[in-house]
Amino acid sequence: MLRAVSQAEAVRGLTSPNPWVGAIVVPPTVGEPTGPEVRGIPEEEADPSGWFSGVTAPPGGPHAEVAALARAGDHAELSTLYVTLEPCAHHGRTPPCTEAIIAAGVRRVVIGTVDPDDQVAGRGIAALRRAGIDVEVGVAGEAVAQQLAAYLHHRRTGRPWVVLKLASTLDGRTAAPDGTSRWITGEAARIDVHRLRARSDAVLVGAGTVRADDPALTVRLPAGDPDHRSADQQPRRVVLGRIPPGAAVRPALEVSGNLEGILTDLGGQGILQLLVEGGANVAHAFHVAGLVDRYVLYLAPALFGGDDARPLFSGPGAPTLAEVWRGTIRSATSLGDDLRVELAPPVT
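1. Focus on the overall build of the chain
Then, in step 1: If you tally the helices and strands in the chain, you get 10 helices and 15 strands.
Then, in step 2: A compact globule built from 348 residues should have a C-alpha radius of gyration of about 20 Å, and the chain, at 23 Å, falls within 12% of that.
Then, in step 3: The dimensions of the chain, computed from C-alpha atoms along their principal axes, are 70 × 45 × 40 Å.
Then, in step 4: Burial analysis of the chain (348 residues in total) assigns 48% to the buried set.

2. Observations concerning the state of the cysteines
Then, in step 1: Scanning the entire structure with this criterion turns up 0 disulfides.
Then, in step 2: Summary of cysteine pairing: Cys-88 is not part of a disulfide, and the nearest cysteine sulfur, belonging to Cys-97, is at 3.7 Å.
Then, in step 3: Looking at Cys-88, the relative accessible area reads 9%, which means it is buried.

3. Topic: the side chain of His-284
Then, in step 1: With respect to the helices and strands, the residue His-284 is situated in helix H10 (residues 280–288).
Then, in step 2: Other than its neighbours up to four places away in sequence, His-284 contacts Phe-313, Ser-314, Gly-315 and Pro-316.

4. Quick notes on the sheet that holds strand E3 (residues 80–85)
Then, in step 1: Ordered in space as E2-E1-E3-E4-E5, the 5 strands form an open sheet in which the pairing is mixed. Sheet topology places strand E2 (52–55) and strand E5 (134–137) at the edges, where each strand pairs with a single neighbour. Each strand of the sheet is rotated relative to its neighbour by a mean of 15°, with strand direction disregarded.
Then, in step 2: Where strand E4 (residues 108–113) lies against E5, 4 bridges are found, and the strand directions are parallel. Bridged to Val-110 within E5 is Glu-136.
Then, in step 3: The strands touched by helix H2 (residues 64–72) are strand E1 (22–26), E2 and E3; relative to E2, the strand with the most contacts, the crossing angle is about 150°.
Then, in step 4: Sheet strands in contact with helix H4 (residues 123–130) are E4 and E5, and its direction is about 150° off that of E5.

5. Remarks on the layout of surface pockets
Then, in step 1: Of the pockets and cavities examined, the largest pocket occupies roughly 1,100 Å³.
Then, in step 2: Forming the walls of the largest pocket are 38 residues, and the residues nearest its centre are Lys-165, Ser-181, Thr-209, Asp-213 and Glu-277.
Then, in step 3: Contributions of two or more residues to the lining of the largest pocket are made by strand E6 (161–169), strand E7 (173–175), helix H7 (187–198), strand E8 (202–206), helix H8 (207–213), strand E11 (273–278), H10 and strand E13 (310–311).
Then, in step 4: The element that contributes the greatest number of residues to the lining of the largest pocket is H7, accounting for 5 residues.
Then, in step 5: Class assignment of the residues belonging to the lining of the largest pocket gives a composition of 18 nonpolar, 12 polar and 8 charged.
Then, in step 6: Within this model, the second largest pocket holds a volume of roughly 610 Å³.

6. Describing the nonpolar core
Then, in step 1: Counting 51 residues, the largest nonpolar core has Val-25, Ile-101, Val-109 and Tyr-298 as the members making the most contacts within it.
Then, in step 2: Not counting chain neighbours up to four residues away, the residues in contact with Ile-101 comprise Glu-65, Leu-69, Leu-81, Pro-87, Val-106, Val-109, Leu-128 and Ile-133.
Then, in step 3: Core analysis: the second largest hydrophobic core is formed by 25 residues, Leu-166, Ile-262, Val-276 and Val-292 among them.

7. Structural notes on the sheet that holds strand E14 (residues 328–335)
Then, in step 1: The 8 strands lie next to each other as E10-E9-E8-E11-E6-E12-E15-E14, forming an open sheet whose pairing is mixed. Both edges of this open sheet fall to strand E10 (253–255) and E14, since each of them pairs with a single strand only. If you compare each strand with its neighbour and ignore which way they point, the axes differ by 25° on average.

8. So, the side chain of Ser-200
Then, in step 1: For Ser-200, the position within the fold is in the loop between H7 and E8.
Then, in step 2: The exposure class assigned to Ser-200 is buried, which follows from its relative accessible area of 2%.
Then, in step 3: In terms of polar contacts, Ser-200 uses its side chain to reach the backbone carbonyl oxygen of Leu-196, at 2.8 Å.

9. Notes on the pattern of salt bridges
Pairing between side chains of opposite charge can happen when their charged atoms approach one another.
Then, in step 1: Under the definition given, this model contains 14 salt bridges.
Then, in step 2: A salt bridge links Asp-192 to Arg-340, with the shortest nitrogen-to-oxygen separation between them at 2.7 Å. Residue Asp-192 is located in helix H7, and its partner Arg-340 is located in strand E15 (residues 338–344); the two are separated by 148 residues in the primary sequence.
Then, in step 3: A relative accessible area of 14% means that Arg-340 is categorised as buried.
Then, in step 4: In this structure, a network of salt bridges that share partners links the residues Glu-9, Arg-12, Arg-195, Arg-199, Asp-225 and Asp-227.

10. Some details on unusual backbone geometry
Then, in step 1: The omega torsion of the bond from Arg-250 to Pro-251 falls at -5°, within 30 degrees of zero and hence cis.
Then, in step 2: For Pro-251, the location among the structural elements is in the loop between strand E9 (236–240) and E10.
Then, in step 3: The linkage connecting Gly-278 with the following residue, Gly-279, adopts the cis geometry, with an omega of 5°.
Then, in step 4: The topology assignment puts Gly-279 in the loop between E11 and H10.
Then, in step 5: Although it is not a glycine, Ala-121 sits at a positive phi angle of roughly 40°.
Then, in step 6: Structurally, Ala-121 is set in the loop between E4 and H4.
Then, in step 7: With a relative accessible area of 42%, Ala-121 lands in the partly exposed category.
Then, in step 8: A positive phi is found at Ala-140, a non-glycine position, where the angle reads about 55°.
Then, in step 9: In this structure, Ala-140 sits in the loop between E5 and helix H5 (141–147).

Parameters and conventions
The numbering scheme is per chain: residues are counted from 1 as the chain's sequence reads. Selection of residues for local features in this predicted model requires a pLDDT of at least 70, selection of side-chain atom pairs for listing and counting requires 80 or more, and totals for whole chains, interfaces and linings are taken over all residues. No hydrogens and no water enter the side-chain calculation; it runs on all heavy atoms of the structure. Only runs of H or I of at least four residues qualify as helices and only runs of E of at least two qualify as strands under DSSP, and these elements are numbered from the N terminus. Using C-alpha atoms as the atom set, the radius of gyration is obtained and then compared with a globule rule of 2.2 Å times the number of residues to the power 0.38. Exposure categories follow from relative accessible area, calculated using a 1.4 Å probe and restricted to protein chains: below 20% of the type maximum is buried, above 50% is exposed, and the middle band is partly exposed. Here, two cysteine sulfur atoms that lie within 2.5 Å of each other are counted as a disulfide. The contact definition used throughout considers only heavy atoms, calling two residues in contact when any of these lie within 4.5 Å. Should DSSP find at least two bridges between two strands, the strands are taken to pair. Working convention: axes come from line fits to C-alpha atoms, limited for helices to the stretch in contact. Angles between N-to-C directions cover 0 to 180 degrees. Only protein atoms enter the calculation, which uses a 1 Å grid: trapped sets of points that fit a 1.4 Å probe without letting it out are cavities, open sets showing protein on both sides within 12 Å along at least five of seven lines are pockets, and any residue with an atom within 4 Å of a point is a lining residue. Grid points are joined across faces, edges and corners, and a volume is the space filled by probe spheres set on the points. For this classification, the nonpolar set comprises Ala, Val, Leu, Ile, Met, Phe, Trp, Tyr, Cys and Pro, the charged set comprises Asp, Glu, Lys and Arg, and every other residue, Gly included, is treated as polar. By nonpolar core we mean a set of buried residues, namely Ala, Val, Leu, Ile, Met, Phe, Trp, Tyr and Cys, connected to one another through side-chain atoms within 4.5 Å. In the analysis that follows, any N or O atom pair within 3.5 Å is treated as a polar contact, provided that within protein one partner can donate a hydrogen and the other can accept it, and provided that, for residues neighboring in sequence, both atoms belong to side chains. Salt bridge criterion: a side-chain nitrogen from Lys or Arg within 4 Å of a carboxyl oxygen from Asp or Glu.

Given below as C-alpha cells:
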C-alpha cells in the first residue's frame, strides 16, 4: 500500500477533480517478491517486484485500478489488488472500476481508505463483496489519508484544501521597510514553492501583491523534473481583487467577497487544493477566518532586527496570550540554509 501511495504522488496535481490514486496488482504466484523472471512474467510487463502498478490518468483517462489491471492482463486472475482509495461503482467519465475488478477475476482487494464522495461512500466496497471478493479496508490508512487530504476535504466540505504559504526571516518579517523582499529565502526553498504550486490546482494572491511584485505564479521547473508542468498543466491563477492591466498573472480569475463563498465557488469548479501565497492582508484574512488547512512556512536564517520591517500578517492579532493560535508542527525540513515548517491547525 505504501508503494501505491508513493506512485500516486507522481500524478498529484494532474488528476483533479479526480483523486490521485495508486494501485498495485500482486499475482497469486508472486508471494514475496523475488524477481519477475522467476515466475515467467515478461520483464517489460512488470516492475522489478513482479507486481503491476497503475495510477490515475488525467480526467477522462483510466483510473488507477483499471490501469494496473490492464498491465497485469491474465496475471490479474485470482490476484490481490492494493488500491489507495475505494474503487468507484458508478458511471462517470469512465465505467465503474468495480466492474473491471470483478471481470478480471481478482480474488482480494485491499483498500487504503473509503471514498467519501456521495456517489461512492461504501458502494464500491459493497459491490465487490457481493461479487464474492474478499475486501480489507484501512491498510496504511493514515498515510493514505494524509496524501489524499485535499481530495477527502473537498468531498466532505465542497471546498478546496487551503495551503497558506509564508516566507520570512526568523524574526517574522517578509519585506524590508522599503518593500524589497527578493529574495528572503534561498534557491532550494524557492524550488520547493514551485513543487507546492505543481501539486495545487490553483494559486491565489491579493491584488496588492500583483501590483507590488507582478508575479507570474507559474510552475517553473526544468523538463525532466517530476514536478515539471507544461503550459497546459499549470495551476489556475486566482486574484482576490481587481487585476491591473498587463499584469504577468493574466489570464487569471478575479474573485471578491466573502472568503467562504469564494472557496465554495472554487470547489465547485473542481479545485481540490488551493495554494494561498499572499500578501500579508490576504494571509491574515484566511487565518483569522479559520480557513487554512495547512501552513507552510519557509524561514530564512536572517534577522531584520527591528519592528519596522513588514510582518507575516497584516491586521489585529490575538489580544492576550491565552488567545494565541496554537497548531501542531507536522514536519520541519532543512532546505539549503532555510527551514521549511509545516503546521496544522488545532483540531476543533
